[in-house]
Amino acid sequence: SFFFFFSSTGVVNLYDRSVLEPNNSRPTPIKAITNLTTRINNIVFNHDSQLMVIASQSKKDQLRVIHVPTATAYSNWPTDRTPLSDVVAVAFSPNSDYLAVSNEKGHVLLYTLKHYALQ
């Protein structure tokens, strides 16, 4: 299991379960995820906690999908051409085969996650 902490600067620190040990007074993150530079408004996990989506409403197109076991952001999506705009909310479908992203324009963008759709 992983735990996270985020700051107003867009940094998300990912921790393992050792942070829960009583003698762990100075926990060290497994990874500091620094893909966004503005305050994070949304952190959402998919049904099996393999994916984490972080998003910021403070700046246009600020959303990243993180593969939690490796603590890395997917570099191939979203792209510069993905019309996210200012992200307001994010949600996965129950089986994670869809990702819904709503924006300040009142649009909800629905994306298929092929890896989960095939299962």
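Since this is a predicted model, take the numbers as computed values, not measurements.

(A) Seen up close, the sheet that holds strand β5 (residues 51-56). Taking strand neighbours across the sheet as the criterion, the four strands line up as β4-β5-β6-β7 in an open arrangement whose pairing is antiparallel. Two strands in the sheet have a free side with no partner beyond their single neighbour: β4 (42-45) and β7 (72-73). Bridging between strand β6 (residues 62-67) and β7 involves two bridges; their strand directions are antiparallel. In the sheet register, Ile 66 faces β7, and the bridge partner there is Ala 73.

(B) Spotlight on the sheet that holds strand β8 (residues 87-92). Sheet architecture is open: three strands sit in the order β8-β9-β10, paired in antiparallel fashion. Each having just a single partner strand, β8 and β10 (108-112) make up the two edges of the open sheet. Ignoring strand direction, the axes of neighbouring strands in this sheet form an average angle of 20°.

(C) Up close: the side chain of Gln 62. Within the secondary structure layout, Gln 62 lies in strand β6. The class of Gln 62 is buried, set by a relative accessible area of 9%. With sequence-adjacent residues up to four places away left out, Gln 62 is seen in contact with Leu 36, Thr 37, Thr 38, Ile 54, Ala 55, Ser 56, Ser 85 and Val 87.

Conventions used here
- Residues numbered from 1 in each chain as written.
- Predicted model: local features only at pLDDT ≥ 70, side-chain atom pairs only at ≥ 80, totals over all residues.
- Heavy atoms only, no water.
- Pairing = 2+ DSSP bridges.
- Helix = DSSP H or I, 4+ residues; strand = E, 2+ residues; numbered from the N terminus.
- Axes fitted to C-alpha atoms, helices over the stretch in contact; angles between N-to-C directions.
- Buried < 20%, exposed > 50% of the residue type's maximum accessible area, 1.4 Å probe, protein only.
- Contact = heavy atoms within 4.5 Å.

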